[in-house]
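Structural overview for review
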Amino acid sequence: MDKRRQTHDPMVRQQNSPLSRLNDLVATARASNMSQLGGRVTEIGRNHYLVEGLGNSGRLGDIVTVGCGSRQTMGEIIRMQVGSAVIKPFEATDSIKLGETAWLTERLDIRPALSWKGRTLDALANPIDGLGGLEQGSCGYARDRPPPDPMSLQRITKPVKTGVRVIDMFTPICCGQRIGIFAGSGVGKSSLLSMLAQGNSFDSVVLALVGERGREVRDFLDDVLGSQKDRTVAIVASSAESAMMRRLAAHTAMCVAEFLRDSGEDVLLIVDSLTRYAYASREFGLAAGEPPVARGFPPSVFADLPRLLERSGPGHADSGSITGVFSVLIEGDDHNDPVADTIRGILDGHIVLDRAVADQGRYPAVNLLSSISRLAHVSWTPSQRELVLKLKGLVARFEDSRDLRSVGAYQPGADTDLDDAVRIVPKLYQALKQPTGETDNRNAFAAVADHLGGKNG
């Protein structure tokens, strides 16, 4: 009786139908990599191409492989339509032909290992240093993995000594902090990053060169890193590479840093530059059909930035941390452009390099009044905090009176605060100057006090 009812049940008949069994077979074959789903290229643009036949099989972020003669090229699905998908290629579309077959493949997860230290990789985590293949780790890391749960993270309590006096004194960095270096072109941004990379406060360094000039990549790796190269993993996507590779380089570097953090190490992550990552994301979003809403940037750029940046920072109780230093290139020295303003609101502080300071020959060209670290209270003692605030007040007074002094209207003795500023600030500026490649292992307050001729704070 029960069996007869089951047989006449329409739901049971549907589940036992040949079509249902075929769908189950296809799903099983796909899950076990026994078959591939694909389509054909029906439209080719300068920065994207269209594949018809994928139907509802693909998802945003899936990887598609196209055979181009004797080799294959990869792309990522950036928009799904009924029966077709828009693909953004990792390389130029010149070699792709209409009618080529495109196949869905696995997502681009990577498997970092500790043996990757000392190696230089491209955005796809392939070695480009000629030192042979890479050992693959046991755990896969998705490049677009979500940020960790904020309630499960450690609190930031450990100051970091960078060896750069102006940073250690005025904008101190803590282990697990995210800080940005905001600068126009030619103001010393890369030089300051190189000084931070040479510090000894971290177990490992992950360096992402995103959209960097090809000539400077080799110089940075060989000359700047020097003795630190053996503990550095470098991810490189030069300015000549596609927007997809430049965008992917930052995600690959973040995955490597997350693996090292999960292994219990304190990691210094340097991304140069985050602005070029935003430009690559802009091209990605525009190719997907998004409208430009803020100086040509689509909305997805302002969603991608916090998703990427929030993945760095302190780890769980039994892991290490990622201290992120992100360079931000300011176009036309406009510090209020949408990308810079968004990044500044996400990070835990910003170091502003000023062209006027650089023109005076003071390097690092840090603007003391515009730079801030939101975790400085973790590093400063009460007396140090009082001293820094007093020195900033003197610097502000000194800079405000520059025109007055330049025309000879300043008279000593008329204003004791201005007299102190004129006497102390030039010595302070001299004390904070530091050549590229030179790190100071002394306490920053003690070193500056020596230059000022006083006692350390």
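As a reminder, the structure under discussion sits directly above these lines.
What comes next concerns the included structure. (Residues numbered from 1 in each chain as written. Predicted model: local features only at pLDDT ≥ 70, side-chain atom pairs only at ≥ 80, totals over all residues. Heavy atoms only, no water.)

Attention now goes to the overall build of the protein. The helix and strand tally for the protein stands at 16 helices and 17 strands. If one aligns the C-alpha atoms of the protein with their principal axes, the spans along those axes are about 105 × 45 × 45 Å. Counting all 457 residues of the protein, 50% fall into the buried class. Summarising the internal contacts of the protein: among those between residues at least 6 apart in sequence, 71% fall at separations of at least 24. When the accessible surface of the protein is totalled, it reaches about 21600 Å², and 51% of it is carbon and sulfur. Taken as two groups, the 53 positive and 55 negative side-chain charges of the protein have centres that lie 3 Å from each other. (Helix = DSSP H or I, 4+ residues; strand = E, 2+ residues; numbered from the N terminus. Buried < 20%, exposed > 50% of the residue type's maximum accessible area, 1.4 Å probe, protein only. Contact = heavy atoms within 4.5 Å. Areas by Shrake-Rupley, 256 points an atom, 1.4 Å probe, with all protein chains shown as cover. Lys, Arg positive; Asp, Glu negative; His and termini not counted. Charge placed at Lys NZ, Arg CZ, Asp CG, Glu CD.)

What follows concerns the environment of P127. Structurally, P127 is set in the loop between β7 (120-121) and β8 (159-160). Taking the C-alpha atoms as reference points, P127 and G361, separated by 234 residues in sequence, lie 39 Å from one another. Other than its neighbours up to four places away in sequence, P127 contacts R119, T120, L121, G132, G133 and L134.

With that settled, consider the sheet that holds strand β2 (residues 49-52). Read once around its circumference, the closed barrel built from six strands follows the order β1-β2-β5-β4-β3-β6, with strand pairing classed as antiparallel. The mean inter-strand angle of the sheet, taken between neighbouring strand axes irrespective of direction, is 45 degrees. Relative to strand β6 (residues 101-105), strand β3 (residues 63-68) is paired through four bridges, and the arrangement is antiparallel. Note that in β6 the partner of I63 across the bridge is T105. (Pairing = 2+ DSSP bridges. Axes fitted to C-alpha atoms, helices over the stretch in contact; angles between N-to-C directions.)

Below, the discussion takes up the nonpolar core. Of all hydrophobic cores here, the largest spans 56 residues; its most connected members are W116, V206, L269, L274, L305 and I343. For this core, the secondary structure elements donating two or more residues are β11 (204-212), β12 (232-238), α7 (243-262), β13 (266-272), α8 (274-287), α9 (299-309), β15 (321-329) and α10 (338-346). At twelve residues, α7 tops the list of elements feeding residues into this core. Not counting residues up to four positions away in its chain, the partners in contact with W116 are R111, L121, A125, L134, E135, Q136, T232, V233 and V256. Counting 55 residues, the second-largest nonpolar core is a separate cluster that includes A365, V395, I424 and V448. (Core = buried A, V, L, I, M, F, W, Y, C linked by side-chain atoms within 4.5 Å.)

The next subject is the pattern of salt bridges. All told, the structure shown has 24 salt bridges when counted by the stated rule. With its nearest N and O atoms 3.5 Å apart, the salt bridge here joins E310 to R178. Of the two residues, E310 is situated in the loop between α9 and β14 (313-314) and R178 in strand β10 (residues 178-183); the sequence distance between them amounts to 132 residues. Take E310: its relative accessible area is 34%, and that puts it in the partly exposed class. A single network of salt bridges, built from pairs that share partners, joins R165, E438, D440, R442 and D450. (Salt bridge = Lys/Arg side-chain N within 4 Å of Asp/Glu carboxyl O.)

Counted according to the given criterion, the structure contains four aromatic pairs. Geometrically, the ring pair formed by Y279 and F297 is stacked, given 6.0 Å between the ring centres and 25 degrees between the ring planes. Of this pair, Y279 sits in helix α8 while F297 sits in the loop between α8 and α9, placing them 18 residues apart in sequence. A relative accessible area of 5% places F297 in the buried class. Here R247 stacks its cationic end above the ring of F284, 4.1 Å away from the centre of that ring. Geometry around F398 places R405 over its ring, the cationic atom sitting 3.9 Å from the centre. (Phe/Tyr/Trp six-rings, centres within 6.5 Å; stacked < 30°, edge-to-face > 60°. Lys NZ or Arg CZ within 6 Å of the ring centre and 35° of its normal.)

This brings us to the pairing of strand β4 (residues 71-81). Relative to β4, β3 runs antiparallel, the two being bridged by six bridges. From the neighbouring strand, G67 faces β4, where its bridge partner is Q72. The pairing of β4 with strand β5 (residues 84-89) spans six bridges and is classified as antiparallel. Across the sheet, the residue bridging to I77 is I87, located in β5. Counting the residues in the hairpin turn of β4 and β5 gives two residues, including G83, whose phi is positive at 80 degrees.

Between α8 and α9, the least distance of the axes is 9 Å, while the angle of their chain directions is 135 degrees. Taken together, the axes of α8 and α9 lie oblique to each other. The two elements α8 and α9 meet at a crossing, and its hand is right-handed. The segment α8 lies against α9, with L274, Y277, A278, S281, R282 and G285 engaging S300, V301, D304, L305, L308 and L309. Across the contact of α8 with α9, the residue classes tally to seven nonpolar, three polar and two charged. (Parallel < 35°, antiparallel > 145°, perpendicular 65-115°, else oblique. Left-handed = near helix turned anticlockwise from the far one by under 90°. Nonpolar A, V, L, I, M, F, W, Y, C, P; charged D, E, K, R; others polar.)

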